[in-house]
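Coordinate inspection notes
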Amino acid sequence: MVEEHDRLLPIANVGRIMKQILPANAKISKEAKETIQECASEFISFVTVEASDKCHKENRKTVNGDDICWALGSLGLDHHAEATGRYLYKFREFERERANQSKAITAGREQKD
């Protein structure tokens, strides 16, 4: 069985994210941080289980970004599925560009040698 502190997001990270959205002089109670910590952790688990079930039915072991988008849509969170899909597309695009730059740098070094 997973221990409580192992299944929750770190409270410091939750507080930091909350602080970024609020005005600089705003304060956040411990109770508020813990409530958001619990909700966000539960949300992640909820979506991940849905994605994992899909993977299991498809005889796959690895949950990927597309599975998360699918799970969000399947759970009726279409707006989040669309936003996550856009993020995933941009992330993959960025990773491709970074890989291409890395290959170019490596090829340039090999030509010098």
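Details of the structure are given in the entry above.
Residues numbered from 1 in each chain as written. Predicted model: local features only at pLDDT ≥ 70, side-chain atom pairs only at ≥ 80, totals over all residues. Heavy atoms only, no water.

**A closer look at the packing of aromatic side chains**
Evaluated as defined, the whole model comprises one aromatic pair. Here Tyr 87 and Phe 91 contribute two aromatic rings whose centre-to-centre distance is 6.1 Å and whose plane-to-plane angle is 20 degrees, an arrangement assigned as stacked. Taken together, the residues span about one helical turn, with Tyr 87 and Phe 91 both in helix H5 (residues 78-112) at a distance of four residues. A relative accessible area of 55% means that Tyr 87 is categorised as exposed. What makes Phe 91 partly exposed here is its relative accessible area of 38%. Directly above the ring of Trp 70 sits Lys 54, whose terminal nitrogen or CZ lies 5.6 Å from the centroid. (Phe/Tyr/Trp six-rings, centres within 6.5 Å; stacked < 30°, edge-to-face > 60°. Helix = DSSP H or I, 4+ residues; strand = E, 2+ residues; numbered from the N terminus. Buried < 20%, exposed > 50% of the residue type's maximum accessible area, 1.4 Å probe, protein only. Lys NZ or Arg CZ within 6 Å of the ring centre and 35° of its normal.)

**Notes on the pattern of salt bridges**
For the structure on display, the rule yields nine salt bridges. Linking Lys 30 and Glu 34 is a salt bridge whose minimum nitrogen-to-oxygen distance equals 3.8 Å. A residue pair is termed a helical-turn pair when its members lie 3 or 4 positions apart in one helix, as Lys 30 and Glu 34 do in helix H3 (residues 30-57) at four residues. Under the relative-accessibility criterion, Lys 30 is labelled exposed at 62%. Glu 34 gets classed as partly exposed once you look at its relative accessible area, which sits at 37%. Residue Glu 58 is joined to Lys 54 by a salt bridge in which the shortest nitrogen-to-oxygen separation is 3.2 Å. Overall, the relative accessible area of 41% leaves Glu 58 in the partly exposed class. Connected via shared salt-bridge partners are Lys 54, Glu 58, Arg 60 and Asp 67. (Salt bridge = Lys/Arg side-chain N within 4 Å of Asp/Glu carboxyl O.)

Geometric values such as these leave the question of function open.
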